[in-house]
Amino acid sequence: MCVPTNATDGPKLAKCDEWIKTFDFDAFTADMKKLGEELEKNQGEADVRHLNKMIMWSNMCGLVGLLTMGFGVGLLPIVALSTFTFSRWTMIAHHTCHGGYDKCHPNKSRWNRFKFAVGGTWKRLCDWFDWMMPEAWNVEHNNRHHYCLSEVEDPDLVENNLVELRNLPIPAVFKWLALPFITTTWKWFYYAPNTYKELKLAKWRKMGKPIPEGVIPSDAVTMRSLLLSGTPFYSLSEFFAIVMGPYLIIHFFLFPLPLLAIGEYLGKGSEMYMSAVKNLFLAELLTNFHGFVAVVTNHAGDDMYRFR
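Quick caveat: nothing in here was measured; it's all calculated off a predicted structure.

## With respect to helix α9 (residues 179–207)
So, point 1. Between its first and last C-alpha, α9 extends 39 Å over 29 residues, near the 42 Å set by a 1.5 Å rise per residue.
So, point 2. Along α9, the largest kink reaches about 85 degrees and is centred on threonine 185.
So, point 3. Backbone geometry just after α9 places glycine 208 at a positive phi near 75 degrees.

## Digging into the packing of helix α5 (residues 134–147) against α9
So, point 1. As a packed pair, α5 and α9 sit with axes 8 Å apart at the nearest point and diverge in direction by 80 degrees. By the angle between their directions, the pair α5 and α9 is classed as roughly perpendicular. Note on element contacts: α9 touches α5 through Tyr190, Tyr191, Thr195, Tyr196, Glu198, Leu199, Ala202 and Arg205, opposite Glu135, Ala136, Trp137, Val139, Glu140, His141 and Arg144.
So, point 2. Broken down by class, the residue content of the contact of α5 with α9 amounts to 8 nonpolar, 2 polar and 5 charged.

## Side note on the side chain of arginine 144
So, point 1. Following the sequence through the fold, arginine 144 ends up in helix α5.
So, point 2. Residue arginine 144 is classed as buried on the basis of its relative accessible area, which comes to 16%.
So, point 3. Apart from residues lying up to four places away in sequence, arginine 144 is in contact with Val139, Glu153, Asp154, Pro155, Glu198 and Arg205.

## Overview of the environment of glycine 245
So, point 1. With respect to the secondary-structure elements, glycine 245 resides in helix α11 (residues 236–254).
So, point 2. The class of glycine 245 is buried, set by a relative accessible area of 3%.
So, point 3. C-alpha of glycine 245 to C-alpha of tryptophan 131: the two residues are 114 residues apart in sequence and 8.8 Å apart in space.
So, point 4. Contact partners of glycine 245, with chain neighbours within four places excluded, come to Phe239 and Phe240.

## Focus: the packing of α11 against helix α13 (residues 271–295)
So, point 1. Following both chains from N to C, one finds α11 and α13 inclined at 135 degrees, their axes separated by 9 Å at the closest point. When the interaxial angle is binned, α11 and α13 end up oblique. Between α11 and α13, the contacting residues are Tyr247, His251, Phe252 and Phe253 on the first element and Tyr273, Val277, Leu280, Phe281 and Glu284 on the second.
So, point 2. Of the residues in the contact of α11 with α13, the class split is 7 nonpolar, 1 polar and 1 charged.

## A short note on the pattern of salt bridges
So, point 1. Applying the stated criterion across every chain, the model contains 10 salt bridges.
So, point 2. In this structure, the salt-bridge partner of aspartate 102 is arginine 113, at a minimum N-O distance of 2.7 Å. With aspartate 102 in the loop between α3 (75–97) and α4 (121–127) and arginine 113 in the loop between α3 and α4, this pair connects stretches of sequence that are 11 residues apart.
So, point 3. Aspartate 102 sits in the buried class, given a relative accessible area of 13%.

## Regarding the packing of aromatic side chains
Here the distance between the centres and the angle between the planes together describe a pair of aromatic rings.
So, point 1. This model, assessed by the stated rule, comprises 22 aromatic pairs.
So, point 2. Ring geometry for tryptophan 89 against tyrosine 191: centres 5.9 Å apart, planes inclined by 50 degrees, an arrangement best described as tilted. Separated by 102 residues along the polypeptide, tryptophan 89 in helix α3 and tyrosine 191 in helix α9 bring together distant segments of the chain. Here the two residues tryptophan 89 and tyrosine 191 agree in accessibility, since each one is buried.
So, point 3. Here tryptophan 128 and tryptophan 137 contribute two aromatic rings whose centre-to-centre distance is 5.4 Å and whose plane-to-plane angle is 85 degrees, an arrangement assigned as edge-to-face. In terms of burial, tryptophan 128 and tryptophan 137 fall into one category: buried.
So, point 4. By way of ring pairs, the aromatic residues Phe129, Trp131, Tyr247, Phe252, Phe253 and Phe281 are connected into one cluster.

Analysis parameters
Residues numbered from 1 in each chain as written. Predicted model: local features only at pLDDT ≥ 70, side-chain atom pairs only at ≥ 80, totals over all residues. Heavy atoms only, no water. Helix = DSSP H or I, 4+ residues; strand = E, 2+ residues; numbered from the N terminus. Expected span 1.5 Å × (residues − 1). Bend = angle between axes of the 7 residues up to and from the residue. Axes fitted to C-alpha atoms, helices over the stretch in contact; angles between N-to-C directions. Parallel < 35°, antiparallel > 145°, perpendicular 65-115°, else oblique. Contact = heavy atoms within 4.5 Å. Nonpolar A, V, L, I, M, F, W, Y, C, P; charged D, E, K, R; others polar. Buried < 20%, exposed > 50% of the residue type's maximum accessible area, 1.4 Å probe, protein only. Salt bridge = Lys/Arg side-chain N within 4 Å of Asp/Glu carboxyl O. Phe/Tyr/Trp six-rings, centres within 6.5 Å; stacked < 30°, edge-to-face > 60°.

Shown next, in the form of structure tokens:
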């Protein structure tokens, strides 16, 4: 947090913000540093056991979804598959990619922020398979988001990402009608292309490559902008081949492929396979909504401070 030399400088504070006048920033910083050191010292086997428990529950959800998705479209496989995807990201990948197990997990070759899910499609498939490319998410979330929190350069600044919708000259009721689409598609429509943009942007900055005139780096790249106007950071074909395509093809169409053989053996033809595909797509809608409610709402609201 950037603090002015004189905390009383600037515009008059709102009543709810007057605590800032007497807030001891130095003491708060020292307390946070001390707490971090204490928590780091306390890391150990209990943290690894907790991770293993989360993996077990997540895998159980995946197994339930796998075993039931071919027997008709139903709530059980949809919820199980959705929860597997959600937990693999928010409870396992998120903590691991933040380095939460770097110093306490015995398997350093996998449960490490620089090793987990990165290094190719096979690692991505085994550790964390989702719309987002793990290397891109690491840059976008761990670096850009956390180091620019609630600033314009924060790629997850919701009010900035929705400025185009907010400024549309249409009644608010029509804007609200866009919510069902946004909440059920945001991971592939916004998050995957924008995290990949942040990865490419980080590489450009490292190489000293100039940003083209008229391009605003903080503007989000979405599937809409990618399809309509493109982006200087990467092509649509590159994005599909590296980021979106592997998940779309493997997760939704190749993953349930054994059910074609099982269906033929049981005399059901392609019925089991098609049921699985439908359940996977419906689970995708649900896990997007689940993720939106759990994640996006914690990055927006009148009670969040903005830093400029």
